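Chain residues, written in single-letter form:
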Amino acid sequence: MDQSKIDALRSQPVQPVSHLIDGRQVAASDGAMLDVLSPIDGCVLTRIARGTAADMEAAIASARAAFEDRRWAGQPPAARKKVLTKWAELIEAHALELAVLGVRDNGTEINMALKAEPGSAAATIRYYAEALDKLYGEIAPTAGDVLGLIHKDPVGVVGAIIPWNFPLMIGAWKLGPALAMGNSVVLKPAETASLSLMRVAELALEAGLPPGVLNVITGEGAVVGETLGLSMDVDVLVFTGSGQTGRRLLDYSARSNMKRVYLELGGKSPNIVFADAPDLAEAAKVTAAGIFRNSGQVCVAGSRLLVEASIHDRFVQEVVRAAEAMQVGDPLRLETQIGAINSEAQLKQNLTFVATAQQEGGQIVTGGQRILSETGGYYMAPTIVTDVTPEATLAQQEVFGPVLAVTPFKTEDDAVRIANSTVYGLAGAVWTSGLSRAHRMVQRVRTGVMHVNTYGGADGTVPLGGVGQSGNGSDKSLHAIEKYINLKTAWIKL
Ligand code: ADP
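Each value, and the rule that gives it
- Residues numbered from 1 in each chain as written.
- Predicted model: local features only at pLDDT ≥ 70, side-chain atom pairs only at ≥ 80, totals over all residues.
- Heavy atoms only, no water.
- Pairing = 2+ DSSP bridges.
- Helix = DSSP H or I, 4+ residues; strand = E, 2+ residues; numbered from the N terminus.
- Near = heavy atom within 4 Å.
- Polar contact = N/O pair within 3.5 Å; in protein donor to acceptor, adjacent residues only side chain to side chain.
- Areas by Shrake-Rupley, 256 points an atom, 1.4 Å probe, with all protein chains shown as cover.
- Salt bridge = Lys/Arg side-chain N within 4 Å of Asp/Glu carboxyl O.
- Buried < 20%, exposed > 50% of the residue type's maximum accessible area, 1.4 Å probe, protein only.
- Expected span 1.5 Å × (residues − 1).
- Arc of directions from axis to C-beta.

Trainee: Give a description of the sheet that holds strand 6 (residues 146-154) that names residues and reports values.
Mentor: Within a sheet, each strand pairs with its neighbour through backbone hydrogen bonds, oriented either parallel or antiparallel. With antiparallel pairing, 3 strands are arranged side by side in an open sheet as 5-6-21. Either end of the sheet is taken by a strand with one partner, and the two such strands are strand 5 (138-139) and strand 21 (485-493).

Trainee: A description of the site of the ligand should follow, citing residues and the corresponding values.
Mentor: If you check the shell around the ligand, you find 17 residues, and the closest are Ile162, Lys188, Glu191, Ser242 and Thr245. Take Tyr252: an N or O atom from its side chain is 2.9 Å from a nitrogen atom of the ligand. Its free accessible area being 540 Å², the ligand has 83% of it covered by the protein chains. Every element with two or more residues in the shell around the ligand is listed here: helix 8 (221-230) and helix 9 (243-255).

Trainee: Residue-level account of the pattern of salt bridges, with values.
Mentor: Per the stated rule, a full pass over the model turns up 27 salt bridges. Between Lys488 and Asp153 there is a salt bridge; the shortest N-O distance is 4.0 Å. In this pair, Lys488 sits in strand 21 while Asp153 sits in strand 6, placing the two residues 335 residues apart along the sequence. What makes Asp153 partly exposed here is its relative accessible area of 24%. A cluster of three or more residues bridged by salt bridges with shared partners is formed by Arg64, Glu68, Asp233 and Asp235.

Trainee: Summarise helix 3 (residues 77-93); cite the residues concerned and give the values.
Mentor: When the terminal C-alpha atoms of helix 3 are compared, their 24 Å separation across 17 residues agrees well with the 24 Å that a helix rising 1.5 Å per residue should span. Where helix 3 is concerned, the buried positions are Arg80, Val83, Leu84, Trp87, Ala88, Leu90 and Ile91. Summarising the axial view, the buried residues of helix 3 lie within an arc of 160°, below the 170-degree limit, and thus occupy one face. When the buried face of helix 3 is taken as reference, the exposed residues oriented beyond 90 degrees from it are Ala78, Lys82 and Ala93.

Right, here's the structure in full:
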């Protein structure tokens, strides 16, 4: 990758963004706009439409009309496949432009953004495009005088609410299977990461997705997100974000049409290192990357390091060394390993967590403070806190920032007990040379994804979903499709 190409793109002005309704760009009904601040320097990057309830209702009506006249669901699978494949190609063709735009909006380091954003979004959409004409209905094993057919019908209108950390990757996890199965979608990106998703939605139209099948409304969650959640005309709501908002969505559903709600929420994922780990130096490096990449703004981040007491000091020292070697700074420089925090508010929240950890007896062994304030941007040093008890706030609550909580353990049972002592269950890891121990830990740690002798990197072929208050349902893999279909039985008397 060439730095000069990135520099050329970063200096281009970003046009203000309107909603996308019925294939057209539409301003907010009252004309209101929101400023978008770039986390790189804190300056106004552009403005986005500040959606109203009326805007959201118009988008839902458009999606409903598109679904009812079957302009998309009624197309042969091969035709839908062609459109989605073309869309994936267009995303790839615009990958650098999309990645740079996204980074200017949300602050993720460019190397990570290139891989995890347009790259992964295109791969996900292609995966579901390829899958959609290989999914068969079923014939039930009934008596011979009847025929039981099981159809996989689209659910209708899907509402998708997306967070700011990886808008394209997570957006594609929802859009890929939802659109592949013939649904219409109303998408609500996060206030602080709408730009690249909006551009990707425009590319969908260019690829031939009929107008109205994908509508995008920008603005505040509490306004347009709530209208989407309370709609009587949305059949399924899919969400990635905070537990607090997830809880609200369940409430919206209960108060409206009892729409299905699928949540991918936070985590406090345990990264468990035994003294018999095959390569402690490698484990330390991956541990640092597992929490600090994208400034810890990753739902599956390994935010709790549980380390066997006998190697605690030595191992922590290695992780500190790895963390201090990571270059924090301008996310659009190729040498940067950790970019900016998404917003000033998020940075303040991270610092409050650190202060609370100290009050509760935690020791900061590196980081703990805001850095590079002279840039005007939002940067924080990778932070490691030791002596964190399993009950401490830092061990129990998700920070969503570059803060690692370290807790020692003595035995395997001890490790399992501490690992399972939060309300979450999203990801985790175990580092050990013991095959039996590795399998035991996979079985015993309550989580959606458990890594062994690595952290992160699971690809689109495997599901990602949480247990407990980390959510329900899965993104990725063929399993994700279940969220976007209804099983419909035809019982036929012969
Ligand atoms: P995060 O902590 O990652 O910002 P949020 O849950 O606040 O998590 O945000 C994730 C998404 O949820 C964003 O698109 C945001 O606009 C949306 N959102 C926030 N509040 C609400 C709400 N009350 N109803 C619906 N959506 C909301």
